[in-house]
Amino acid sequence: MADNHATASEPKRRHRVEGPKKHIISFIFSIVLTAIAFALVMSGEMNTMFIYIMLIAMAVGQVFIQMAFWMHMKDRGHMYSIIGIISGVFVVFTMVIMALYWVWW
Amino acid sequence: MAHAHAVKRYSGLMDWLTTVDHKKIGILYLISGGFFFLIGGLEAILIRIQLWKPMNDFVSPDTYNELLTMHGTTMIFLAAMPIIFALMNAIVPLQIGARDVAFPFLNSLGFWTFFFGGVLLNISWFTSTGAPAAGWTSYVPLASPMYSEGQGVDFYVIGLQISGLGTLVGGINFLVTIINMRAPGMSFMRMPMFTWTAFITSALILFAFPALTVGLVALMFDRLFDGNFFDPSSGGNVVLWEHIFWIFGHPEVYILILPAFGIISEIVSTFSRKRLFGYSSMVFATVLIGFLGFMVWAHHMFTTGLGPVANSLFSIATMLIAVPTGIKIFNWLFTLWGGSITFTSANLFAIGFIPTFVMGGVTGVMLAAAPADFQYHDSYFVVAHFHYVIVGGLVLGLFAGLHYWWPKMFGRMLNEGLAKLTFWTFYIGFHLTFFVQHFLGLIGMPRRVYTYLDGQGFNGMNLVSTVGAILMGIGTIVFLINVAVTAAKPKNAPADPWVDGRTLEWSIPSPAPEYNFAQTPLVRGYDALWKEKMDGNKGMTPAEPLGPIHMPSPSILPFFMSLGLFIMGFGLMYHQWIFTGIGAALTFGCMFLRSVYDDHGFHIDPDELKDKGVKA
Amino acid sequence: MSELSHVDGQLPHEPEKATLEGRNKVLGFWLFLGGEVVLFGTLFSVYLALRDQILDGPTPQELFSLPLVAIATLILLTSSLTSVFAIQAMHRNNRTALINWLIVTVILGFGFLGLEIYEFMHYAHMGHEFSTSAFSTSFYTLVGFHGAHVAFGVLWISLLIAQLFKKGLTVVTAPKVYVAGLYWHFVDVVWVFIFSVVYLMGKVG
């Protein structure tokens, strides 16, 4: 309400159009990380635990890039988004530990 | 009204079905939550009548199982949660100086899904296979299709799923409202305690309810579509259900109790005429309780056999929660200390809350000691413990809040004499009912069993417990009489009926007008209204000139969306795919309409405000 | 409130955040995604707890075909990129480009869904049905939940495309498009974990 007046009067000020470049770079990063993950599994030579850790690392890295750039979480004004997602991840973390260690005891 | 769109204003029943006004939705929550509270209370009294003497045959064992299952489920999901939402809806936007909630439409949707979910669950009483009878925790394999034939548990699964959706939507609404809609100057560390607790509770709802959603989906797949999540013969795991249920269920306990903490903080401070002692430590304790609440779920499962390491970790984490809770107790005592205390009915409930809740907390720490828990587990000691925190904590808190904010919600003061009678009958009845249950548990009476044998020393204490339960019932009836008597009186409550109101809701007329604040107030400190009073000002300083106020238009769509889910639920349960389709079509059709037709709302002109007697 | 933002007849740079309603919608949706993280996290936990309970059914090594998963991954990843381009077009106030990118996104979404349906039918044919074992039940529930999210997203974005045609890009439609974009990225992020945890780890054993 009160702040609408403010935003309505400043459409021009920050009007720099960002190019697609960094998004394409993010895309290439994602593809490369995906390819490494698939290659690791297809090679089929390595220790299972090592592959698991690598797979999770590739997935987390890729998701981090996508959330930061494509979902704009690196930009200003995303504090509550970050808190929201991190809190969710925290709950999930405890649940995964539950599933891996305690269910079959 | 130059640019106002013509919006149809409904009256009567249609007004209530279509309303998106948070204050009216609050009243709807209160009425339906209160109704389910009466049903759950009736079930409790029937349980106590069955147990008043050994080998009683007042109800059959099967009926007893249904009663105790529905009592727990109804009280937690359909009575306590909605009444909390009633107070949050009625008060939180007023406390932060907002004209409305962030999502008025979703707010209404949240109410109607809760309502239809609750109705669906209770319809199970009238089916041939009866109500769910696997306990409110619905543990498998008892709740699996093999041991719970018939539709009972299906009603539990689908009813809770639908009402859980409503709760989740409501939680998101309050989070965004509190983050985005605060009045100028209302920083986070100036927010009243009740708003803070509403905020943390909403966050817990957001992160706990999805786990329940998945658990219920899994149980539904097992029961309706031959899934194998919890079927050991096909590789499923029954302990998995316990984990999922309590990963949701333990935060749920804090979802329930935190708003009560907030209510008590407001009331104790107001009626001591003192600033809340240790406000920032209160905020810190609330956040910490919310955080720790997610790491203690397995203390419900000590006897499942998680092993000594897990049991020790969860034991310690659970005991840690006593620290922030203790901070709160001491802060309330120090707020009362040296204050000029008025013993209004609301304050009686609040002060009665403190020792009662401490007792529930102490038994909680006892239960948190894993080796001792092997003795207490599944005995009446546990029943006594959680009734001390939920009835002695939450319900006393809710009664306190209702008596305190009743004039703000309805414009009428509750009768103080009747209110005090409610307090004394309910409070004494409560302690009679549950105090003896500690000892019943310690001498070995198991919970959830429909009767007991003579000569075990259970007889006398069970009789006392039943008498206490009836006294609590009388207290509730006195409250209903009070409500009826009050409703017949004129609406003449002043804006600040307790004279010592500290927060923003007391700066506007009782009941609040539909736009809440004619001019958004400027907040200059914690306890915003009290600060203005101390500075000798008559009311809040407005932060904006008088202008047209934008309001959202009423809508019937939330009602039909929820009705669609209700029909879909029945279709799924009885494998009637036509009904499932009709329900889904109704729900998605309403979503489609909501998306396609923009809601322009309407404006209330400044002239109109003056007509209604807004004081400058 | 939409009137206020059209005072100068031009859309602000970030139209999704121009009104309080828009900002509420974006924030509320982010929080909803936080809840969705827990929803999928629970499904993953359930899958991890039950993935070894195969009984007489086919093993993940026999079932999963990596080329199929790779194609599905590529499709969904590309659709996430095209939805970024759509939001960029929206920020340039270029409605035609916005609609075109959204259409590409929807087509890719349908492609992914088609692959998934084919895959599920193939598995069922191999004796991997919903009720075969705890592994199969949790597999279909996790991957099916994701598929249902994709299906919902495809229908939702299609509806938004229709609205953009009819109403144009305004401060009312912009937050809807922005939020749908967030949703689509989230669905892609979940898929990253599904192909890593379910398919690739399943293939390793």
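Residues numbered from 1 in each chain as written. Chains lettered and ligands numbered in written order. Predicted model: local features only at pLDDT ≥ 70, side-chain atom pairs only at ≥ 80, totals over all residues. Heavy atoms only, no water.

1. Digging into the confidence of the model for chain B
Rules: Along the chain, pLDDT gives the predictor's confidence residue by residue, from 0 to 100.
In the predicted model, chain B carries a mean pLDDT of 94, and the fraction of residues at 70 or more is 97%. For this predicted complex, the interface confidence comes out at an ipTM of 0.93, alongside a pTM of 0.94.

2. Observations concerning the interface of chain C and chain A
Here is the rule: Here a residue-residue contact requires only that any non-hydrogen atoms of the pair lie within 4.5 Å. Two parts placed together each lose some accessible area under a 1.4 Å probe, and adding up what both lose gives the buried area. Any carboxyl oxygen of Asp or Glu that lies within 4 Å of a side-chain nitrogen of Lys or Arg is treated as forming a salt bridge with it. We call two N or O atoms a polar contact when they sit within 3.5 Å, provided that within protein one can donate a hydrogen and the other can accept it, with sequence-adjacent residues counted only if both atoms are side-chain atoms. Residue polarity follows a fixed list, in which Ala, Val, Leu, Ile, Met, Phe, Trp, Tyr, Cys and Pro are nonpolar, Asp, Glu, Lys and Arg are charged, and the others, Gly among them, are polar.
Opposite the 58 residues of chain C that make contact, chain A presents 56 residues. When the two sides are added together, the surface that chain C and chain A hide from each other amounts to roughly 4,800 Å², 76% of it contributed by carbon and sulfur. Applying the counting criterion to the chain C and chain A interface returns zero salt bridges. Between chain C and chain A we count four residue pairs in polar contact (both at pLDDT 80 or more) in total. Taken together, the residues that form the side of chain C that touches chain A break down as 34 nonpolar, 16 polar and eight charged.

3. Concerning a nonpolar patch on the surface
Inclusion rule: Like-charged residues within 9 Å of one another, or nonpolar side chains (Val, Leu, Ile, Met, Phe, Trp, Tyr) within 5 Å, are grouped into patches, provided each residue has over 30% relative accessible area and no salt bridge. Here, Shrake-Rupley sampling with a 1.4 Å probe gives the accessible areas, and only protein chains in the shown set may cover a residue. Helix and strand definitions here come from DSSP, where helices need a minimum of 4 consecutive H or I residues and strands a minimum of 2 consecutive E residues; each element is numbered from the N-terminal end.
Among the surface-exposed residues, Trp-52, Trp-424, Ile-428, Leu-432, Leu-463, Val-464 and Val-467 of chain B lie close enough to one another that they form a single nonpolar patch of about 600 Å² accessible area. Residue position: Val-467 of chain B is located in helix H15 (residues 459-487).

4. With respect to unusual backbone geometry
Residue and element names in this part refer to chain B. For clarity, the cut-off: Burial classification: accessible surface area is computed with a 1.4 Å probe over protein chains only, and a residue below 20% of its type maximum counts as buried, one above 50% as exposed, and the rest as partly exposed.
Cis geometry is found at the peptide bond from Val-140 to Pro-141, where omega equals 5°. With respect to the helices, strands and loops of the structure, Pro-141 is situated in the loop between helix H4 (104-123) and helix H5 (152-180). Pro-511 follows Ser-510 through a cis peptide bond whose omega is -10°. Along the chain, the position of Pro-511 falls in the loop between H15 and strand S1 (521-522). Of note in the backbone geometry, His-575 takes a positive phi value of approximately 50° without being a glycine. Mapped onto the elements, His-575 comes out in the loop between helix H17 (557-573) and helix H18 (577-596). The class for His-575 is partly exposed, based on a relative accessible area of 36%.

5. Re the nonpolar core
Basically, it comes down to this: Only buried Ala, Val, Leu, Ile, Met, Phe, Trp, Tyr and Cys residues count toward a nonpolar core, and they belong to the same one when joined by side-chain atoms within 4.5 Å. The domain boundaries here were taken from an automatic or database domain assignment.
Counting 277 residues, the largest nonpolar core has Phe-139 and Tyr-199 of chain C as its most contacted members. Per-domain counts for this core show at least three residues from each of domain 1 (16-74) and domain 2 (76-105) of chain A. When neighbours within four sequence positions are excluded, Phe-139 of chain C is seen to be in contact with Tyr-47, Phe-64, Glu-119, Phe-120, Tyr-123, His-128, Gly-144, Val-198 and Tyr-199 of chain C. Grouped together as the second largest cluster of nonpolar side chains are twelve residues, Val-59, Leu-67, Tyr-380 and Phe-458 of chain B included.

6. Let's talk about the environment of Ile-65 of chain A
All names here are of chain A. Secondary-structure assignment places Ile-65 in helix H3 (residues 48-70). Residue class for Ile-65 comes out buried when judged on its relative accessible area of 16%. For the pair Ile-65 and Phe-27, spaced 38 residues apart in sequence, the C-alpha separation works out to 9.0 Å. Once residues within four sequence positions are removed from consideration, Ile-65 is found in contact with Ser-26, Phe-29, Leu-33 and Trp-70.

7. Regarding the domain arrangement of chain A
How big an interface is tends to be stated in terms of the accessible area lost upon association of its parts. Residue and element names in this part refer to chain A. Here chain A is partitioned into domain 1 (16-74) and domain 2 (76-105). The distance between the C-alpha centroids of domain 1 and domain 2 comes to 20 Å. Of the residues lining the interface, five residues belong to domain 1; the matching set on domain 2 comes to five residues. Taking both sides of the interface into account, the surface hidden between domain 1 and domain 2 amounts to around 350 Å²; carbon and sulfur atoms contribute 71%. Considering only the side of domain 1, the residues that lose the most area to domain 2 are Met-67, His-72 and Met-73, jointly responsible for 85% of the buried surface there. Applying the counting rule to domain 1 against domain 2 returns zero salt bridges. The interface formed by domain 1 and domain 2 includes one residue pair in polar contact (both at pLDDT 80 or more). When grouped by side-chain class, the residues that make up the side of domain 1 that touches domain 2 number three nonpolar, one polar and one charged.

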